[in-house]
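# Fold and contact review
What follows is the residue order along each chain.
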Amino acid sequence: MSAGELIPTTGLKQCIWKLEQRQTKQYSRNGSSQVIKLGEAFWVLRFEFENMTDANFRALTAFLSRRKGAIVSFSAYRPDRIKALLHSDGNAPSALTVSGDEVTVTMNNSEAFSPGDMISYAAGAGGRYVGEVLSITSHVTNTTVAVVEPAPVAAHATHDAQTEAAWGLFTLEPDSIMLSEPFDITKRATFTARQVEPQSA
């Protein structure tokens, strides 16, 4: 059992990524409203597994049990955004800095991000930031400045940046786990998880 263990994907039908905004909205009779921000947005994931063999199902249930409810985190990536790591093939980022809602990445070539790309990098205390590129502020030679959501956190000294094949750390919502074990068809499982970002050692 270890924090950050990669979730098994055999039998995964879909993995839904939703950016949960932490806010409340008050309405009045005259049609006006006020949005109150309660904190930073975070990712909520919903996993749906189908057509699992007995062996695959047992591997998944053991993985879920190793999470000890919401205590032990796990790693997951966004299946829709799969691309080679930025640091592969000699294309390691030479610098990565964070300021406000922007991430600045300097590459060893002129590859640029695009809106909708995912970006992730190692953060402090063994954490992992993962966010979506909303817009490009600038791209000059090998350096791209991108606005991302949710708000970025400070990068670790060894940032290990990625785009599109981005992954992050999550914890289970234990009450969401639904395991179906019928006798006449193969097994199914559904559950949700929330993003977690360790801030201190």
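Residues numbered from 1 in each chain as written. Predicted model: local features only at pLDDT ≥ 70, side-chain atom pairs only at ≥ 80, totals over all residues. Heavy atoms only, no water.

### Details of the overall build of the chain
Test applied: Numbering goes from the N terminus for both helices and strands, where a helix is a DSSP run of H or I of at least four residues and a strand is a run of E of at least two. Residue exposure (1.4 Å probe, protein chains only): buried if accessible area is under 20% of the type maximum, exposed if over 50%, otherwise partly exposed. Should any heavy atoms of two residues lie within 4.5 Å, those residues are counted as being in contact.
On a plain count of helices and strands, the chain comes out with 1 helix and 15 strands. Looking at the chain as a whole, 36% of its 201 residues qualify as buried. In the chain, of all internal contacts separated by at least 6 residues, the share reaching a separation of at least 24 is 68%.

### Notes on the packing of aromatic side chains
Stated precisely, the cut-off is as follows: Stacked, edge-to-face and tilted labels apply to pairs of Phe, Tyr and Trp rings (six-membered ring for Trp) whose centres lie within 6.5 Å, assigned for plane angles under 30 degrees, over 60, and everything in between, in that order. Placement of a positive charge over a ring is assigned whenever Lys NZ or Arg CZ falls within 6 Å of the ring centre and within 35 degrees of the normal to the ring plane.
All told, the structure shown has 8 aromatic pairs when counted by the stated rule. Both rings, one in Trp17 and one in Phe170, keep their centres 5.6 Å apart while their planes meet at 85°; by these two values the pair is edge-to-face. Pair noted here: Trp17 is in strand β2 (residues 12-20) and Phe170 is in strand β13 (residues 167-172), with a separation of 153 residues, a long-range link. Overall, the relative accessible area of 10% leaves Trp17 in the buried class. A network of ring pairs unites the aromatic residues Trp17, Trp43, Phe47, Phe49, Phe63, Phe74, Phe170 and Phe191 as a single cluster. Over the ring of Phe63 we find Arg67; its NZ or CZ atom is 4.5 Å from the centre of that ring. In this structure, Arg128 is placed above the aromatic ring of Trp167, and the distance from its NZ or CZ to the ring centre is 4.3 Å.

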